[in-house]
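Residue-level structure breakdown
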Amino acid sequence: MRFWKAHGARNDFVLVDETEEEVVPESDKPDFARWACDRRSGVGADGVVFVRSDPPSAEMRIFNRDGSEAEFCGNAARCVVKYVTEVRGENVKILRTLSGAHRVEVRGDWIAVEVPDAEIKKVVELGYEVDAGVPHFVRLTERDPIQDFGSLTDEAKTIFSEYEPKGGINVTYAAPSVDELRVRTFERGVGWTPACGSGVVAASLVYSEIFGPFEEVSVRTAGGRLRVSLSSGPLLIGRAEIVYKGELRGDWRENTDHQRRRHSLSRSPSGRPRLQECR
């Protein structure tokens, strides 16, 4: 089985191309995601993305580290666009997800992904309920969520537990500073990640509502800088990188007992050396 490792703002994913055929049976996809995301016995990632290309559109399905399926992921979306255009050499203008169709655009090294129906749904006592392709609870904080996220964990888990009967929610903390918004998300099915694209969009909507309006918001995450254009869309704008191509030898199901597997890795399409063998 071939796969590709990619990341957007260090939010990393295993990409599996199912354009020609189904590689992982539907019933096995949650278990495969749990195995592949394991950073000790699997490949290691925040999620697994199954890709189908049908130019000028593409389709993605994303499974979280715990095996649950998410409706949308902004960082994964950019990784899919990067993969389809750079590895498959195909054009993509529309990306289809469980949350709907998203307009996408390649702008040099940057990729813009539209989140067309993103909006603030409700103002509650501790923050804002926002739909950004997936549900977010946005809470403004004076703490730096990038550096001091550990001190926010208990509160994030408490907020998440309150929404768990409804399917859970992503808890996003945002700290306004002089020239940027600093954001980190406790993602459902994953936990803290270096960056969450939909969380960046959700936080930018709240920030613009309170302090704006703004046409564009610059956002700093633990994984790097992203931009959100609010004049249309909104659009999540950032980079993505294909890190390496891998090949799984043997049946991944045998690894559920945590035996180590071997992967043969090659160079990324950009030519950077990524050769490595895991024994």
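It should be emphasised that the depicted structure is a prediction, and the values quoted were computed from it without experimental measurement.

What about the side chain of R227?
For R227, the position within the fold is in strand 16 (residues 224-229). Within the structure, R227 has its side chain in polar contact with the side chain of E216 (distance 3.1 Å). If we skip the residues at most four places from it in the chain, R227 touches W110, E216, V217, L235, L236 and I237.

Re unusual backbone geometry
Of note, the amide linkage connecting G212 to P213 takes the cis form, showing an omega dihedral of 15°. In this structure, P213 sits in the loop between helix 4 (197-211) and strand 15 (216-221). Cis geometry marks the peptide bond from G233 to P234; its omega dihedral reads -5°. Among the secondary structure elements, P234 is positioned in the loop between strand 16 and strand 17 (235-238). Phi at A9 is positive, roughly 55°, even though this residue is not glycine.

Comments concerning the pairing of strand 8 (residues 110-114)
Put simply, side chains in a regular strand alternate between the two faces of the sheet. Within strand 8, 5 of the 5 residues are buried, which leaves it mostly tucked inside the rest of the structure. Here strand 7 (residues 100-107) pairs with strand 8 via 4 bridges, running antiparallel. Across the sheet, the residue bridging to V106 is I111, located in strand 8. Across 4 bridges, strand 8 lies against strand 17 in antiparallel orientation. Of the residues in strand 17, the one forming a bridge with V113 is L236.

A closer look at the confidence of the model for the protein
For the protein, per-residue confidence averages 90 on the pLDDT scale, and 91% of positions sit at 70 or higher. Within the model, the stretch residues 257-279 combines pLDDT values under 50 with 59 contacts to residues more than four positions away or in other chains.

Remarks on helix 3 (residues 153-163)
Among the residues making up helix 3, those that are buried are T153, A156, I159, F160 and Y163. Taken end-on, helix 3 shows its buried residues confined to a sector of 130°, consistent with a single buried face. Across from the buried face of helix 3, at angles greater than 90 degrees, the exposed residues are D154 and E162. Residues of helix 3 that are buried sit in contact with strand 10 (128-131), strand 11 (135-140), strand 12 (170-176), strand 13 (181-187) and strand 14 (191-192).

Observations regarding the state of the cysteines
One pass over the full model with this rule turns up 0 disulfides. Counting only cysteine sulfurs, C73 is the nearest neighbor of C37, a cysteine outside any disulfide, at a range of 11 Å. With relative accessibility at 2%, the residue C37 sits in the buried group. You can see C73 has no disulfide; the closest cysteine sulfur is in C196, sitting 6.2 Å from it. A relative accessible area of 7% places C73 in the buried class.

Quick notes on the rules
- Residues numbered from 1 in each chain as written.
- Predicted model: local features only at pLDDT ≥ 70, side-chain atom pairs only at ≥ 80, totals over all residues.
- Heavy atoms only, no water.
- Helix = DSSP H or I, 4+ residues; strand = E, 2+ residues; numbered from the N terminus.
- Polar contact = N/O pair within 3.5 Å; in protein donor to acceptor, adjacent residues only side chain to side chain.
- Contact = heavy atoms within 4.5 Å.
- Buried < 20%, exposed > 50% of the residue type's maximum accessible area, 1.4 Å probe, protein only.
- Pairing = 2+ DSSP bridges.
- pLDDT = per-residue confidence, 0-100.
- Arc of directions from axis to C-beta.
- Disulfide = S-S within 2.5 Å.

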